[in-house]
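Survey of secondary and tertiary structure
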Amino acid sequence: MARVVVDVMLKPEILDPQGQAVQRALPRLGFGGIADVRQGKRFELEVAGPVDDAALARIHEMAETFLANTVIEDFTVKIENADAAADADADNGNAAEKVSR
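What this report covers is the structure whose coordinates are included nearby. (Residues numbered from 1 in each chain as written. Predicted model: local features only at pLDDT ≥ 70, side-chain atom pairs only at ≥ 80, totals over all residues. Heavy atoms only, no water.)

1. Points about the overall build of the chain
Helix and strand counts for the chain come out as three helices and three strands. Traced from its N-terminal end to its C-terminal end, the chain shows the element sequence β-α-β-α-β-α. Evaluated residue by residue, the chain yields a buried proportion of 30% over its 101 residues. A separation of at least 24 residues holds for 69% of the contacts in the chain among residues at least 6 apart in sequence. Entry remark: accessible area of the chain is about 6300 Å², with carbon and sulfur atoms responsible for 54%. (Helix = DSSP H or I, 4+ residues; strand = E, 2+ residues; numbered from the N terminus. Buried < 20%, exposed > 50% of the residue type's maximum accessible area, 1.4 Å probe, protein only. Contact = heavy atoms within 4.5 Å. Areas by Shrake-Rupley, 256 points an atom, 1.4 Å probe, with all protein chains shown as cover.)

Printed below as a string of structure tokens:
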């Protein structure tokens, strides 16, 4: 089985109150030197079968319509499993495809 990862982050222009709360707490906990924190979501999808162009298109559609709110969030899609990445590389010349929306 191949693993595809979808990372979802707030767009840079969108305020991130959870990230700001973490940033303010870090110095109090002894972790200084952090200039900014942004919080996001990570989805790990185990895909049955090959991760070909059709499978990636379905995952993009899933991310765009269900996993991310594309009005305020961007997402990236990448193939994490090395065997699947090699298969995708042979299919379309791109081992780990990233797409931001």
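Still to come is the rest of the account.
2. A closer look at the nonpolar core
By size, the foremost hydrophobic cluster in this structure holds 15 residues, and its most contacted members are V4, V6, V51, I59, F75 and V77. Apart from the residues within four sequence positions on either side, V6 is in contact with K41, R42, F43, L45, I59, A63, L67, F75, T76 and V77. (Core = buried A, V, L, I, M, F, W, Y, C linked by side-chain atoms within 4.5 Å.)

3. Quick word on the side chain of E73
Here E73 lies in strand β3 (residues 73-79). A polar contact is formed between the side chain of E73 and the side chain of K41, at a distance of 3.4 Å. (Polar contact = N/O pair within 3.5 Å; in protein donor to acceptor, adjacent residues only side chain to side chain.)

4. Points about the environment of L45
In this structure, L45 sits in strand β2 (residues 40-47). Separated by 35 residues in sequence, L45 and E80 have C-alpha atoms that sit 9.7 Å apart. For L45, the residues in contact, after removing those within four places along its chain, are A2, R3, V4, V6, I59 and M62.

5. What about the environment of A68?
Relative to the helices and strands, A68 is located in the loop between α2 (53-67) and β3. Taking the relative accessible area as the measure of exposure, A68 reaches 9% and is therefore buried. Remark: the alpha-carbon pair of A68 and M9, spanning 59 residues in sequence, is separated by 8.4 Å. For A68, the contacting residues outside a window of four places in its chain are V8, A63, E73 and F75.

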